[in-house]
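# Residue-level structure breakdown
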Amino acid sequence: MEKYVSLEYVDMTFASRKGKFQALRDVNLTIRQGEFISIIGHSGCGKSTVLNLIAGLLTPSNGVMICAGREISGPGPERAVVFQNHSLLPWLTCFDNVYLAVERVFAATESKADLTRRTHEALALVGLTASETKYPHEISGGMKQRVGIARALAMEPKVLLMDEPFGALDALTRARLQDELMGIVARTGSTVVMVTHDVDEAVLLSDRIVMMTNGPAATIGEILAVDLPKPRNRLGLAEDPHYHHLRGEVLKFLYERHAHKAAA
Amino acid sequence: MSANVIALKMDNTAPEATLSAPSPQPSPSEDSGKPATAEKVSRWVEGLRSFVLAVAPPLLGLGVFLLLWVWISQLAPALPGPAKTWDSAVQLFSNPFYRNGPNDQGIGWNILSSLQRVGMGFGMAALVGIPLGFVLGRFQFVNAMASPIISLLRPVSPLAWLPIGLLVFKAANPAAIWVIFISSIWPLVINTAMGVSKVPQDYLNVARVLNLSEWKIATKIMLPASMPYILTGVRLSIGVAWLVIVAAEMLTGGVGIGFWVWDEWNNLNVEHILIAIFVVGIVGLLLEQALLLLARRFNY
């Protein structure tokens, strides 16, 4: 298997006021180029920590992390993040929010006209051409999240990291954005790591689902390969017995083998 | 209400269907008309009520204040009452911009020159204080270095700085501006530093993922994110400057509202002193309101 992103024996220990807290231990994960990986687990299992480690926002206490042949030593635009709460800058228009990212990545090599074109393209990709000049507080939650995705995609990252990107949205908006994301990933061939707590979302979008055990000292419990043919169709899958089998596997992991302590 | 609307609609469409027969429901339209006007009246009454409730307490307060003033002025005959002060004010403001030599100028000139000093002192404080606060908020180490000095100097009475100013600048006017500068810089530094250190982690994460340069972080993230705090600093700082200017001018002389108060005290013109107090209060209030208006513009 070609390693594009790899985590080897990664530990993460946080120093808190009550002493040390080990969030992750021995996390080993290899991701191929163009693969869509979902990380799923109960809340508090450290799935966001894994994502923040790959993003470089956190530094592991132990272990090695590599992205595209280089060690991950800090955040960088080649690993773009779509944040759960969109994190758009409220004083910039949608266009300027995306432009800020484009400018950072491409200003050294491209003209201003090219930067503007890239920004327009990224916003067109998520269907927001009409809202370019609006400020974040003027658009809906789903649109904000799409701007966040456009900002990340516009950087042409090697890996797109998404932290529960649709978690704060209503079910209908979430479904539409999932469909859009599937289309975008199919067109761009992006490598994606997505944290989610939604089983359907994980099965629908992923090539592999990484299932985490419960914390503290959480690690990867199982990895489920989702061998459903692409492109996938939400309605078609609803009738597909294999889809239901895969969905059942994830549910069994989450609710039988690693039921949350509070629930058990 | 909704029932009335429905009834009204039915009535409007009724004539076509029931042209030959008399309309079976003539009453709803009459019924729906009455509550509508009654509601209009009650809404008007409600509006009047809330207006009176909003305006009455301040007016009542002012009335009590004036009564107290009259009462005190009768107890202490040296203190002029409201009527006398008002007459004097009308006369004073009928010609605010006259010039009879350097020590006898209209009230307008005095106010303007005080405002000019405040503007210069505050302007320099902003030029130094906001960037300084920025650095303090951004770099914990520098903050730890500066905080004992700031804690030490901040509580010093503004006028204690006046001799230093006189010594260094050897002139009264720059010394007054210096006092404004040094006393209005602290709220600017402290609030800017607070705003910068409280920029939400989300925005900083964006900056880190984008790997923005320090300049871009400052201009695109730190400055806009801490703008509400900076403007609070500006408001407090101008408030302090305007407080201090009267005292500083009393000591330094020249043209200015503070000097004018002192001059009128020497002339034993107590009405003018009272007018000066009101003028200082009103100008301070206007400055505050203008800055609040500006701050609302930066509320994301």
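Residues numbered from 1 in each chain as written. Chains lettered and ligands numbered in written order. Predicted model: local features only at pLDDT ≥ 70, side-chain atom pairs only at ≥ 80, totals over all residues.

To continue, consider the overall build of chain B. Each helix and strand in chain B was counted, giving 11 helices and 0 strands. Ordered by position in the sequence, the α and β elements of chain B form the string α-α-α-α-α-α-α-α-α-α-α. Residues classed as buried in chain B amount to 27% of the 300 residues present. Partitioning the intrachain contacts of chain B with sequence separation of at least 6 by distance along the chain shows that 68% fall at a separation of at least 24. (Helix = DSSP H or I, 4+ residues; strand = E, 2+ residues; numbered from the N terminus. Buried ≥ 20, exposed ≤ 12 C-beta atoms within 10 Å, placed from the backbone. Contact = placed C-beta atoms within 7 Å.)

With that settled, the discussion passes to the domain arrangement of chain A. Accessible area lost upon the coming together of the parts serves often as the stated size of an interface. All names here are of chain A. Each assigned domain of chain A is listed with its residue range as follows: domain 1 (1-77 + 159-264) and domain 2 (79-156). A straight line from the C-alpha centre of domain 1 to that of domain 2 covers 24 Å. Between domain 1 and domain 2, the residue contacts involve 22 residues of the former and 19 residues of the latter. For the side of domain 1 that touches domain 2, the secondary structure elements donating two or more residues are helix 1 (47-55), strand 7 (159-163) and helix 5 (171-188). When its residues are assigned to classes, the side of domain 1 that touches domain 2 shows 14 nonpolar, 5 polar and 3 charged. (Domains from an automatic or database assignment. Nonpolar A, V, L, I, M, F, W, Y, C, P; charged D, E, K, R; others polar.)

With that settled, consider the sheet that holds strand 5 (residues 70-71) of chain A. Residue and element names in this part refer to chain A. Spatial strand order, 2-1-4-5: 4 strands in an open sheet with antiparallel pairing. Of all the strands in the sheet, the pair left with one neighbour each is strand 2 (19-31) and strand 5. Note that strand 1 (residues 5-16) and strand 2 share 9 bridges and pair antiparallel. Residue pairing for strand 2: Met12 is matched across the bridge by Leu24. (Pairing = 2+ DSSP bridges.)

Residues and elements named next belong to chain A. Burial along strand 6 (residues 79-82) is two-sided: Arg79 and Val81 facing one way and Ala80 and Val82 facing the other are all buried. Direction of pairing for strand 6 relative to strand 7: parallel, over a ladder of 4 bridges. Across the sheet, the residue bridging to Arg79 is Val159, located in strand 7.

Residue and element names in this part refer to chain A. Buried residues dominate strand 8 (residues 191-196), accounting for 6 of its 6 residues. Covered by surrounding structure in strand 8 are Thr191, Val193 and Val195 together with Val192, Met194 and Thr196, the residues of both alternating faces. Looking at chain direction, strand 3 (residues 36-40) and strand 8 are connected through 5 bridges and run parallel. Opposite Ile40, over in strand 8, you have Thr196 as the bridge partner. Where strand 7 lies against strand 8, 5 bridges are found, and the strand directions are parallel. Note on strand 8: the bridge partner recorded for Met162 is Met194.

This brings us to helix 4 (residues 141-154) of chain A. Residue and element names in this part refer to chain A. Between its terminal C-alpha atoms helix 4 stretches 20 Å, which fits the 20 Å expected from 14 residues at 1.5 Å a residue. Extensive coverage of helix 4 is indicated by the burial of 12 of its 14 residues. Taken together, the buried residues of helix 4 touch strand 6, helix 2 (94-106), helix 3 (112-125), strand 7 and helix 5. Positive phi shows up at Glu156, right after helix 4, with a value of about 45 degrees. (Expected span 1.5 Å × (residues − 1).)

Take the interface of chain A and chain B next. The partner chain B presents 13 residues to the 17 residues of chain A that form the contact. Looking at the side of chain A that touches chain B, its residues break down into 12 nonpolar, 4 polar and 1 charged.

Quick look at the packing of helix 4 (residues 107-138) of chain B against helix 9 (residues 214-252) of chain B now. Residue and element names in this part refer to chain B. At a closest axis distance of 8 Å, the pairing of helix 4 and helix 9 adopts a crossing angle of 140 degrees. Considering the relative orientation of helix 4 and helix 9, their crossing is right-handed. Counting all contacts with helix 4, which are made through Ser114, Arg117, Val118, Gly121, Phe122, Ala125, Ala126, Ile130, Phe134 and Arg138, the residues of helix 9 involved are Ala218, Met222, Ile230, Val234, Ser237, Ile238, Ala241, Trp242, Ile245 and Glu249. The residue makeup of the contact of helix 4 with helix 9, split by class, is 14 nonpolar, 3 polar and 3 charged. (Axes fitted to C-alpha atoms, helices over the stretch in contact; angles between N-to-C directions. Left-handed = near helix turned anticlockwise from the far one by under 90°.)

The subject of this paragraph is the nonpolar core. Of all hydrophobic cores here, the largest spans 118 residues; its most connected members are Ile54 and Val98 of chain A together with Ile180 of chain B. Residue contributions to this core peak at 15 residues, all from helix 7 (residues 172-197) of chain B. Residues contacting Ile180 of chain B, with those up to four places away along its chain left out, are Arg117, Val118, Gly121, Phe122, Ala241, Val244, Ile245 and Ala248 of chain B. Formed by 11 residues, the second largest nonpolar core is a distinct cluster that contains Phe259, Val261, Leu274 and Ala276 of chain B. (Core = buried A, V, L, I, M, F, W, Y, C linked by C-beta atoms within 7 Å.)

Take the environment of Gln178 of chain A next. Residues and elements named next belong to chain A. You can see Gln178 is positioned in helix 5. Each C-alpha atom of the pair Gln178 and Phe166 lies 8.1 Å from the other, and the pair is 12 residues apart in sequence. Not counting chain neighbours up to four residues away, the residues in contact with Gln178 comprise Phe166, Glu201, Leu204 and Leu205.

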